[in-house]
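Survey of secondary and tertiary structure
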Amino acid sequence: MTPMFRYFLGFQVAADRAGWLARQLPPVSGDLFAGLKPQNYHLTLCTIAETQAPHPFLRQRVAEAFAAGLPAAASIPFGRIVGKGLGAELVTSGSVAGVRDLYEAIVARLAPHGIEPWYRESGLRPHITLGYGRQSFDPVPVAWTWIPRELALIESHVGHGRHRVLQSWTLDAPAQGMFAFMEDELPPALRYAA
């Protein structure tokens, strides 16, 4: 049977940025493409359940897993919108090591509570889906480094285009990197060793 409800953890795009992303999508043609509503733009970290009826206890189980806290946010470097055989998406450019580390830390907090990610055999490929259906266009450059501020547990009503946030958790800002400027003015004992 096809599941009616899918539960996933991810980051929702803020309304102002979602509207901006929607305007970056080039004009599309044909009846085979359906753009997502900007309020549904998100980056999925992992699906954690699929059910025929609403899951009665999943929100509480996830909240218990995160009761001790979450890791800090990670920056996600996006670089272009691409049209593919299955739709259009905003994809990353550059290193996504930070978001992979964040994902692994979140999964580690879920595991003792019997919650495991689904569909991750091929690994984590951070992206934001902008629409579904066959579409092809030249890549559109979009330079945007996103630092999500909240992790959300989202209930998706499969096939109906509806998402409902069941709960969200604030993420701390990522640690600030060290700056090398003015290093030569510091005493030798305080200089940053690369």
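Being a predicted model, the structure only gives us computed values, none of them experimental.

Rules used in this analysis
- Every chain is numbered independently, its residues counted from 1 as its sequence is written.
- Residue-level local features of this predicted model are given only where pLDDT is at least 70; pairs of side-chain atoms are given and counted only at 80 or more, and the full residue set underlies all totals for whole chains, interfaces and linings.
- Just so you know, side-chain values use all the structure's heavy atoms and leave hydrogens and water out.
- Secondary structure elements follow DSSP: runs of H or I of four or more residues count as helices, runs of E of two or more count as strands, with numbering from the N terminus.
- Expected helix span is computed as 1.5 Å times (number of residues minus one).
- For the exposure calls, accessible area comes from a 1.4 Å probe over protein chains only, and a residue counts as buried if that area is under 20% of its type's maximum, exposed if over 50%, partly exposed in between.
- Note that the arc is defined by the directions from the helix axis to the C-beta atoms.
- Any two residues whose heavy atoms approach within 4.5 Å are treated as being in contact.
- A pair of Phe, Tyr and Trp rings is counted when the ring centres sit within 6.5 Å of each other, with Trp represented by its six-membered ring. The angle between the planes then sorts it: under 30 degrees is stacked, over 60 is edge-to-face, the rest tilted.
- In our convention, an over-ring charge means Lys NZ or Arg CZ found within 6 Å of a ring centre and within 35 degrees of that ring's normal.
- Two strands pair under a simple rule: DSSP has to find at least two bridges between them.

A short note on helix H3 (residues 97–110)
A rise of 1.5 Å per residue sets the reference length of H3, with its 14 residues, at 20 Å; its end C-alpha atoms lie 20 Å apart and thus fit the reference within 8%. By the burial criterion, the buried members of H3 are Val-99, Leu-102, Tyr-103, Ile-106, Val-107 and Leu-110. Taken around the axis of H3, the buried residues stretch over an arc of 135°, which confines them to a single face. Turning to H3, the residues buried within the fold contact strand S1 (5–12), strand S3 (42–51), helix H2 (58–65), strand S4 (76–84) and strand S8 (150–157).

What about the packing of aromatic side chains?
Aromatic ring pairs are described here by two measures, namely the spacing of the ring centres and the angle between the planes. Within the structure shown, the criterion is met by six aromatic pairs. Geometrically, the ring pair formed by Trp-20 and Trp-144 is edge-to-face, given 6.2 Å between the ring centres and 70° between the ring planes. With Trp-20 in helix H1 (residues 15–24) and Trp-144 in strand S7 (residues 140–146), this pair connects stretches of sequence that are 124 residues apart. Its relative accessible area of 23% is what places Trp-20 among the partly exposed residues. You can call Trp-144 buried: its relative accessible area is 9%. An aromatic cluster is built from Phe-11, Trp-20, Phe-78, Trp-144 and Trp-146, whose rings are joined through pairwise contacts. The residue whose ring lies beneath Arg-17 is Trp-20, and the NZ or CZ to ring-centre distance is 4.3 Å.

Overview of the sheet that holds strand S6 (residues 127–132)
Spatially, S2-S6-S5-S4-S7 is the arrangement adopted by the five strands of the open sheet, whose pairing is antiparallel. The sheet is open, and its two borders are formed by strand S2 (34–35) and S7, each paired with just one other strand. Judged from the five bridges that link them, strand S5 (residues 87–92) and S6 form a sheet pairing that is antiparallel. Paired with Glu-89 across the strands is Thr-129, a residue of S6.

Concerning the pairing of S7
Of the two faces of S7, the one lined by Val-140, Val-142, Trp-144 and Trp-146 is fully buried and the one lined by Pro-141, Ala-143 and Thr-145 carries no buried residue. Here S4 pairs with S7 via five bridges, running antiparallel. By the bridge assignment, Arg-80 is partnered in S7 with Pro-141.

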